[in-house]
Amino acid sequence: SASLALHDRLAGLKVLLLNVSRAVARDVLITFSPTEGPRTLNMTEKGKAGKIQLPREIFQSLSSRTARVVVTVLNIQQLGMFKEVNQTGEVLNDTVVGITVGETSISGLRDPVQLTFAHGQLPRVSQPCPPSITPPAGGWSSSGCITQPRDEETVCSCNHLTFFTLLLNPALDRSTAQALMAVATTGCGVAMAFSIFTIAFCIFLRCRIRFEETLRINLGLHMNLVGSLLLLNLVFLLNSGLSSGTQPWTCKVLGGLTHYCLLCCFTWTALEGCHFYLLFVKVLGTYIHHYLLKLCLVGWGFPVLVVGVAGVIGSYGEYCIQTVDHQVIARLCWITSKRLLVHYITNCGYFGLIFLFNMAVFGVVTQKSCCLQGTGVVRGDRKAWKVALVAVGLFCLLGATWAPVFLTHGTSSAPMLYLFTILNSLQGIFIFIWLVVLYYPKTKETTGSLSHIIRHDKTATVSQD
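Residues numbered from 1 in each chain as written. Predicted model: local features only at pLDDT ≥ 70, side-chain atom pairs only at ≥ 80, totals over all residues. Heavy atoms only, no water.

Caption draft 1: Spatial organisation of the overall build of the protein chain. Each helix and strand in the protein chain was counted, giving twelve helices and 15 strands. In the protein chain, which comprises 465 residues, the proportion classed as buried is 47%. Long-range contacts, defined here as pairs at least 24 residues apart, represent 74% of the contacts in the protein chain between residues at least 6 apart. Surface summary for the protein chain: the accessible area is close to 23700 Å², and the carbon and sulfur share equals 62%. (Helix = DSSP H or I, 4+ residues; strand = E, 2+ residues; numbered from the N terminus. Buried < 20%, exposed > 50% of the residue type's maximum accessible area, 1.4 Å probe, protein only. Contact = heavy atoms within 4.5 Å. Areas by Shrake-Rupley, 256 points an atom, 1.4 Å probe, with all protein chains shown as cover.)

Take a look at the structure:
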């Protein structure tokens, strides 16, 4: 069984050995395929297999009269190799090609090595490139290579010899991208409308509930979160409509404003989580002097610092959304491709930390709510649909609708992109329904909603002081 397993693994390794004279008169041509491996190719031979063209320069620069050429075709799936570096894309046909000439490392070629990868209809790729890897350092890189995508093949010209492959990064086709843009634009309009309804409803409740300071602070916090969502949707619509043909400085300002509104939305989501933590665990929110004002300074002021630093290092400008065939379908004023690290740190990393914290708070709030209802402290209306709806609303309030963005990388990311776009478009609706169910109509008896649990928690704590 061990010999059989070894045989199966070795079946994924195919090697061609050639002795090439230093005085070779023309380039060396080699063909390869995942099934047949490498073999020599005549100048007149045509086919749909991959091709390697080694320039004469390589051999003429060697000191020895003949050079040993080793071409290796590896099936990384069978051999179990290169798995640690294949994290951001899919290797075409699980095939990696290794090329060595002589016993020295060859780089800086003026006449590049040409590798032609045959693939029929090219899978969806955002950047078809020939990554090379130099063991044992690891890490795929397209440095030193130029790519020429064609209909049924991709030609890669590289100035060095090492291991090569065609790494496919998933991207959107035109129809999917246009559909997502249409859904996002429509969703922004709907979200803006419900955000305005929610702010008006919160103002109405704050005027009506003048004597309950805790609820007034809650509503003020919700108003700021919904206000940040309203600004984010408004700026996105302006961005998608005005980004094409704008002046560079205008695009930088619009990109910074979009980033600011997004960070405000994330920050107010974090403050919602902190507020619920104080109410349910520490019960300190109402005892902080000018509590809501201090939250506003953090919620609207902290993003100014982040955007200011990002602007100083030149992070904002035109960002193009491209299809598989590199056709631009949308131009946005956003963080430029040269400063994607800023996006990963200030957006992805920042929200990731907020999401983890808020989900922990959600678990604590849900557990304490169940305990209070189970002990009979909270009496009255305990309809299951209402409790479930309140829990779902709180889940959305704490940023759950942004979570699918972490699942939008991969060959099957289109459904998750649709889900992410739709959920964020409906976030304003979710919060509006949640507030209506939670705060209105306000019955005389204590119900099982979170607002009454908060009031009970506050009263119990005061009585113990």
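Caption draft 2: Inspection of the pattern of salt bridges at higher detail. According to the stated counting rule, one finds one salt bridge in the structure shown. Notably, a salt bridge pairs arginine 331 with glutamate 318, separated by 3.2 Å at the nearest N-O pair. Within this pair, whereas arginine 331 is found in strand β15 (residues 328–335), its partner glutamate 318 is found in strand β14 (residues 316–322), the two being separated by 13 residues in sequence. (Salt bridge = Lys/Arg side-chain N within 4 Å of Asp/Glu carboxyl O.)

Caption draft 3: Molecular detail of the state of the cysteines. Under the defined criterion, the tally for this structure stands at two disulfides. Disulfide partner of cysteine 251: cysteine 333, at an S-S distance of 2.2 Å. For the disulfide bridge between cysteine 251 and cysteine 333, the dihedral angle about the S-S bond is near -115°, and by the sign convention the bridge is left-handed. Highlighted residues: cysteine 251 in helix α6 (residues 248–282) and cysteine 333 in strand β15, separated in sequence by 82 residues. Assigned by exposure class, cysteine 251 and cysteine 333 land together as buried. (Disulfide = S-S within 2.5 Å.)

Caption draft 4: Local environment of the packing of aromatic side chains. Tallied over the full model, the rule gives twelve aromatic pairs. Ring centres of phenylalanine 32 and phenylalanine 117 lie 6.0 Å apart, and the angle between their planes is 80°; this geometry places the pair in the edge-to-face category. In this pair, phenylalanine 32 is assigned in strand β2 (residues 28–33) and phenylalanine 117 in strand β8 (residues 113–118), connecting sequence segments 85 residues apart. With respect to burial, phenylalanine 32 and phenylalanine 117 carry one shared label: buried. Ring geometry for phenylalanine 266 and phenylalanine 351: centres 5.0 Å apart, planes at 35°, overall tilted. Of this pair, phenylalanine 266 sits in helix α6 while phenylalanine 351 sits in helix α8 (residues 340–374), and the two are 85 residues apart along the sequence. (Phe/Tyr/Trp six-rings, centres within 6.5 Å; stacked < 30°, edge-to-face > 60°.)

Caption draft 5: Inspection of the UniProt feature "transmembrane region" (unreviewed entry) in the protein chain at higher detail. UniProt tags residues 179–205, 217–237, 257–280, 292–313, 344–366, 387–405 and 417–440 as "transmembrane region" (unreviewed entry). Secondary structure across residues 292–313 comprises 95% helix and 0% strand; the distance between its end C-alpha atoms is 33 Å. Span residues 344–366 is 100% helix and 0% strand, its end C-alpha atoms 31 Å apart. (UniProt positions renumbered as here; feature names shortened; annotations may be inferred.)

Caption draft 6: Spatial organisation of unusual backbone geometry. Its identity is not glycine, yet aspartate 94 carries a phi of approximately 55°, on the positive side. Structurally, aspartate 94 can be placed in the loop between β6 (90–91) and β7 (95–101). The exposure class of aspartate 94 is partly exposed, given its relative accessible area of 29%. Its identity is not glycine, yet histidine 290 carries a phi of approximately 50°, on the positive side. The residue histidine 290 is located in the loop between α6 and α7 (291–312) in this model.

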